[in-house]
Every structure is written in C-alpha cells, then in structure tokens.
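# Survey of secondary and tertiary structure
What follows is the residue order along each chain.
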Amino acid sequence: MPNLDTPATQPAPIRVGGRTIVPLVEAVGPALPARATYPQLDQDELQDLIEAFGDTFSDSSRTRLRVVCQGFAILGAGRVILVDTCLGGPKPNRPHPRGDFVSRWPSALIEAGIRPDHVDTVINTHLHHDHVGWNTTFEAGQLRPTFPRALYLTTTAEFVHATRGKPQDHITNSLLPLQSTKQFDTCEPDTRIDQEVRLIPAPGHTPGHVVVEIDSQGRRAVLAADLIHHPLQLRRPDVSAAMCTDPHQSAITRRRILRRYADTGTLFLPSHLPKGGYLRSAGDGWRLTERP
C-alpha cells in the first residue's frame with residue numbers, strides 16, 4: 001500500500017449500547033489504484049462510480065482510492081477485544097512494512113487508554129498482511145506477542161488457507177510465533193466471543209473471512225473487515241475487488257450481509273473506508289447515511 005501517511009487525529013470512540021468501539025487508524029491515503037482494484041469495470045463506468053462518491057473516497061484524479069488501514073477495540077463488559085492489528089512494525093529482514101512508512105499504531109492504543117496487557121482477545125478477521133501486523137513485535141532479536149495476555153483467534157478455514165505450502169512472510173512473522181506461546185487458536189466462523197460480540201461468516205475475500213457483530217442494549221454495529229474497499233460496492237454489490245480469493249463468492253456474501261443489516265439501524269464500519277455509516281436500501285443496492 002504506497003501513499004500512506006499517519007493520521008493527524010484519531011476518530012472519536014463510538015458508543016453501541018453498553019459497549020464502546022474505538023477506531024484505531026494506522027494509516028490513511030490514496031493507496032489503491034482504482035483500475036487494478038476493480039478491473040472488471042470498464043473505464044467510463046469506473047470513473048462515474050468513483051466520481052459519485054467524491055473526494056472522501058478517492059484522490060482528485062479519481063485514479064486512486066482513498067483508504068484507511070485500521071483496527072478496532074471493543075470495550076465494555078470487563079473486556080478489551082481487538083479486531084485486526086494493521087500493518088505492524090519492523091520485522092526480521094523487513095525494516096518497515098511498506099516502504100519507509102513508520103507505524104505509530106501502538107501510540108494510538110496508548111492514547112486510547114489501552115495498554116498491551118489490557119487486551120484479552122485479538123480477532124483476526126482474515127490473514128492478509130494489513131490485518132495481522134501488530135500481532136507480534138520484534139524486540140531484542142525475537143518476535144514476541146504484542147499483547148502478552150491475549151488469546152489470538154482466526155477461523156480454521158483461514159488458517160489452513162494461509163499456511164498451505166510455504167507461508168508468506170507476514171504469516172511467518174505475525175502469526176506462527178503465537179503458536180509457541182500457546183496464545184493462538186482457531187475457531188468456527190460463527191463463534192460467539194461473548195453475549196454481545198460474535199463472528200459472522202463472510203467468505204469470498206478469503207476462505208475464512210469474517211465480520212464482527214456487536215449487539216448491545218438494542219444497538220448494533222458491524223465491523224465489516226474487507227467486505228468492501230470503496231462504497232461503489234454498495235451501489236454495485238456484484239463487483240468484487242481484485243484481492244478477493246473467490247470474487248463470485250465474495251459478491252454472494254456481500255449481498256447477504258448488506259441485506260441482513262440494511263434498514264435496521266446498524267452501524268457499518270469496513271476496515272478500509274475513511275468513513276462508515278448506517279446501511280440503508282437504495283434501489284438495487286445500498287448506501288451509507290450519517291444517521292440511522
């Protein structure tokens with residue numbers, strides 16, 4: 001992800017019933033080339049769709065998608081749950097995760113009042129490099145779990161997919177070291193973390209991709225991971241990003257989840273959108289609004 005900068009400020013925490021969602025933005029910028037991300041769209045249609053959503057979601061040339069790289073903390077009920085850990089810091093043979101970008105994500109945690117030893121659970125919605133980076137920290141020549149008391153979870157299907165054959169470097173650096181400390185486990189894609197937080201299966205982007213639902217005191221939010229990378233996929237849910245392992249399944253999943261939560265007052269927070277919102281039906285697709 002080139003063209004990323006550290007954010008000037010962090011988004012405000014969001015109250016959802018008795019829980020608080022803390023967005024933790026690591027980087028922001030016009031990082032994804034639009035044409036390469038959505039190659040199935042012809043140039044004119046792609047330009048029209050991107051233009052419809054304006055500067056919030058693309059650069060002025062409309063050739064790059066403006067994205068954030070972020071995780072979330074879910075606080076309340078005596079828990080500190082993290083959902084995804086972004087790009088990460090230096091690792092063996094890799095001074096910086098992307099070019100000369102230096103992550104300040106641990107500072108965002110501290111500024112939110114979250115120390116590493118506060119975290120009891122880390123959910124990796126899937127195992128792409130920009131969702132697992134701060135699982136581990138390279139200190140004194142060793143890779144250690146960044147969150148020493150946490151149980152790290154990902155789905156069984158995701159783990160099998162990511163470790164088949166020779167694992168990529170980010171799996172070797174950010175996932176496999178957790179096994180030696182017995183802090184890693186796999187789970188089913190419909191696992192309930194507690195009475196108000198659960199995983200919802202969302203395969204397609206990757207085989208074991210999940211989204212996270214928070215349902216508390218009559219309020220609901222969905223941390224939607226990589227279900228979409230740009231709001232054009234709300235208007236055209238049939239369009240999957242080039243990064244999807246199974247684009248057809250990704251489109252089926254996207255429609256199912258959007259249909260499930262639209263018009264229910266559910267807050268929708270994808271990992272890579274600079275701005276989330278409440279899902280509302282709009283013709284054959286959906287849109288985001290600032291209010292339920």
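Look up: the structure comes first, before these words.
Since the model is a prediction, treat every value here as computed from it, not as a measurement.

Conventions we followed
Residues numbered from 1 in each chain as written. Predicted model: local features only at pLDDT ≥ 70, side-chain atom pairs only at ≥ 80, totals over all residues. Heavy atoms only, no water. Pairing = 2+ DSSP bridges. Helix = DSSP H or I, 4+ residues; strand = E, 2+ residues; numbered from the N terminus. Axes fitted to C-alpha atoms, helices over the stretch in contact; angles between N-to-C directions. Contact = heavy atoms within 4.5 Å. Salt bridge = Lys/Arg side-chain N within 4 Å of Asp/Glu carboxyl O. Buried < 20%, exposed > 50% of the residue type's maximum accessible area, 1.4 Å probe, protein only. Polar contact = N/O pair within 3.5 Å; in protein donor to acceptor, adjacent residues only side chain to side chain. Arc of directions from axis to C-beta.

### Quick look at the sheet that holds strand S12 (residues 219–225)
Taken together, six strands build an open sheet; the order of strands is S10-S11-S12-S13-S14-S15 and the sheet is mixed. Single-partner strands in this sheet number two, and they are strand S10 (197–201) and strand S15 (285–289). Neighbour-to-neighbour, the strand axes of the sheet open up by a mean angle of 35°, direction not taken into account. Summarising the sheet, S12 and strand S13 (residues 267–270) pair through four bridges and their orientation is parallel. Bridge assignment links Val222 to a residue of S13, and that residue is Phe268. Sitting on the sheet, helix H8 (residues 247–261) is in contact with S10, strand S11 (210–216), S12, S13, strand S14 (277–282) and S15, with an inclination near 140° to S10.

### What to know about the pattern of salt bridges
Pairing between side chains of opposite charge can happen when the charged atoms of each approach one another. Evaluation of the coordinates by the stated rule reveals 12 salt bridges. We note a salt bridge from Glu213 to Arg198, for which the minimum N-O separation is 2.9 Å. Here Arg198 lies in strand S10 and Glu213 lies in strand S11, a separation of 15 residues in the sequence. Several salt bridges converge on common partners, so that one network encompasses Arg19, Arg79, Asp120, Asp194 and Glu196.

### Description of the environment of Gln40
Residue position: Gln40 is located in the loop between helix H1 (34–37) and helix H2 (43–53). Owing to a relative accessible area of 44%, Gln40 belongs among the partly exposed residues under this scheme. With 53 residues separating them in the primary sequence, Gln40 and Asn93 have C-alpha atoms 36 Å apart. If near-sequence neighbours (up to four positions away) are discounted, Gln40 is found in contact with Val239 and Ser240. Separated by 2.8 Å, the side chain of Gln40 and the backbone oxygen of Ser240 make a polar contact.

### A short note on the sheet that holds strand S3 (residues 64–76)
Strand order in this open sheet of seven strands is S1-S2-S3-S4-S5-S8-S9, and the pairing throughout is mixed. The strands lining the two open edges of the sheet, one partner per strand, are strand S1 (14–16) and strand S9 (184–187). Averaged over all adjacent pairs, the angle separating strand axes in this sheet is 30°, with direction ignored.

### Thoughts on the pairing of strand S7 (residues 142–145)
Relative to S7, strand S6 (residues 136–139) runs antiparallel, the two sharing four bridges. In the sheet register, Phe138 faces S7, and the bridge partner there is Leu143. Here S6 folds back onto S7, and the loop between the two strands holds two residues, one of which, Ala140, carries a positive phi near 50°.

### Brief notes about H2
The set of residues buried in H2 consists of Leu46, Leu49 and Ile50. Seen along its axis, H2 keeps its buried residues to an arc of 95°; they face one direction. The outward face of H2, more than 90 degrees from its buried face, is lined by the exposed residues Asp44 and Asp48. Close packing links the buried residues of H2 with H1, S3 and helix H7 (232–235). Two to three positions downstream of the cap, the backbone nitrogen of Asp44 sits 3.2 Å from a side-chain oxygen, assigning the N-cap of H2 to Asp42. Within two residues after H2, Gly54 carries a phi angle of roughly 70°, on the positive side.

Purely spatial values, then, with no claim about function.
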